[in-house]
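# Remarks on the overall topology
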Amino acid sequence: MLPTPQRFRIKSFGCQMNVYDGERMAELLGDAGMTAAGDGEDADLVVLNTCHIREKAAEKAYSDVGRLRRGDGSRPLIALAGCVAQAEGRVAMARSKMIDIVVGPQAYHRLPEMVAEARTGARPIDTDLPGLAKFGALPKLRRAVPSAFLTVQEGCDKFCTYCVVPYTRGAEISRPFAAVIGEAHGLVEAGAREIVLLGQNVNAWNDGDRGLDALIRELARIDGLERIRYTTSHPADMSGALIAAHGEVAKLMPYLHLPVQSGSDRILKRMNRSHSADSYVRTIERVRAARSDIAISGDFIVGFPGETEADFEATLNIVDAVGYAAAYSFKYSSRPGTPAATMEDQIPPEIMDDRLQRLQGRLAEHGRAFNHACIGRDTRILIDRVGRKPGQMIGKSPWLQSVFVETAARIGDMLDVRLTDALPNSLGGVTLARAQAA
Ligand code: 5AD
Ligand code: SF4
């Protein structure tokens, strides 16, 4: 029998929902008497909280497991968590003898007891998808960062033909209204100034006839909570009520992450996206009518099976039509078990590389234009990091840009600034007090 692990390390990859889960697991292990290993400190339990969305991310999980062997041949107890664990289960254990525990995203509340089982040499696996059990069992938070994640919805019923999420995270499920509001109060009491509502399809969140807009309006009533954001949304679930909230709720930040994936209707159909290029652009127009300064960000896939040069150009066109402030773009990655994996006309890697480069060039132009248009604006930032230069702090603008400013303000403070410089991936600013004195 192995001794009880004293120090743990949790490494989260992929989306923000994994970051949230990683934080909750850390609290759980803390409550079970373990402490988080500091930088450079050795851990005797390592949790790899993995991502399965693209092949590269999934393969990384196994190479990371291999690297945990120490110089003297010993190794920590290893738990494979997250979406690779969910998708591969027993196969993962067969593939790497070093994996002691396989725990899927809905079973984290069982982690401490699984660690105890693993100490006896058993190799416990739990990849059940019991719905909301983990949330009820997770401990109460004691200390929160200024911008805290709060998962309100998990899973996906959309079945885009390229995507593993409906299989790894299960069906769409929403946490109850009261549970979310309760957790939000806890986060604010623990120091959060901003809450980012998370879900694979966060705008599909509902509790009876209440939608995400109602949840946001209730959160906005919490004293001490300054900002609300949500991600990721599906175009088909962008309700009129949610769009209206962008114009009416001051604490709801002017930023919307709304993946489009492609600008070609033919490809969108093959992707089973349930929206067209045109209906997507019309949704953006309605959002902008409610909140004219909103920053739009998106996700794109290039090289989906059958994508022609003309299809790709339609994607460049929608980029120009929307004018994205920020974006994430990926080469299509074939995922086992998804319908797209067996479609004809898979695109050669060199064409994907070329299209990705061209798309990213175009997206970068729009990102720079958006940042430049912010120069001269007076706004408020939430300080979340210390800058590299002495006296420098970094905060987030309402549009999610990082803003560098010289100030005595501290992490967690809201600071009024004038935006003065646009750098490639951030902005420079001065405190409004200083700008007005100059
Ligand atoms: N290949 C490439 N990108 C993918 N995404 C999801 N599945 C795949 C895949 N098989 C991208 C989509 C999604 C984001 C989270 O990851 O753009 O919005
Ligand atoms: Fe995947 Fe599509 Fe669901 Fe997003 S909406 S998680 S891309 S299946």
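Residues numbered from 1 in each chain as written. Chains lettered and ligands numbered in written order. Predicted model: local features only at pLDDT ≥ 70, side-chain atom pairs only at ≥ 80, totals over all residues. Heavy atoms only, no water.

What follows concerns the packing of helix α9 (residues 240-248) against helix α11 (residues 277-290). Two elements in contact, α9 and α11, have axes separated by 7 Å at closest approach and are oriented at 35 degrees. Between α9, through G240, I243 and G247, and α11, the contact on the second element is made entirely by R286, V287 and A290. (Axes fitted to C-alpha atoms, helices over the stretch in contact; angles between N-to-C directions. Helix = DSSP H or I, 4+ residues; strand = E, 2+ residues; numbered from the N terminus. Contact = heavy atoms within 4.5 Å.)

Moving on, we come to the sheet that holds strand β19 (residues 402-406). Taken in spatial order, the five strands line up as β17-β18-β19-β21-β20 and close into a barrel, and their pairing is mixed. Between one strand axis and the next, the sheet turns through 55 degrees on average, direction left out of account. Judged from the five bridges that link them, strand β18 (residues 392-396) and β19 form a sheet pairing that is antiparallel. Bridged to K396 within β19 is S402. (Pairing = 2+ DSSP bridges.)

Let's shift gears to the site of ligand 1. The environment of ligand 1 is formed by I53, R54, Y162, Q261, D299, I301, F330, K331, Y332, S333 and R335. With respect to ligand 1, the side chain of R54 contributes an N or O atom lying 2.9 Å from an oxygen atom. Side-chain polar atom of D299 to an oxygen atom of ligand 1: 2.6 Å apart, as the coordinates give it. In isolation ligand 1 has 400 Å² of accessible area, and contact with the protein removes 86% of it. Going through the elements one at a time, β15 (295-302) and β16 (326-331) are the ones with two or more residues in the shell around ligand 1. (Near = heavy atom within 4 Å. Polar contact = N/O pair within 3.5 Å; in protein donor to acceptor, adjacent residues only side chain to side chain. Areas by Shrake-Rupley, 256 points an atom, 1.4 Å probe, with all protein chains shown as cover.)

Here we take up the sheet that holds strand β3 (residues 45-50). Taken in spatial order, the six strands of this open sheet run β2-β1-β3-β4-β5-β6, and their pairing is parallel. Both edges of this open sheet fall to β2 (35-36) and β6 (125-126), since each of them pairs with a single strand only. With three bridges joining them, strand β4 (residues 77-81) and strand β5 (residues 101-103) adopt parallel strand pairing. If you follow A79 over to β5, its bridge partner there is I101. Packing of helix α4 (residues 111-119) onto the sheet brings it into contact with β3, β4, β5 and β6, and relative to β5 it is tilted by some 160 degrees.

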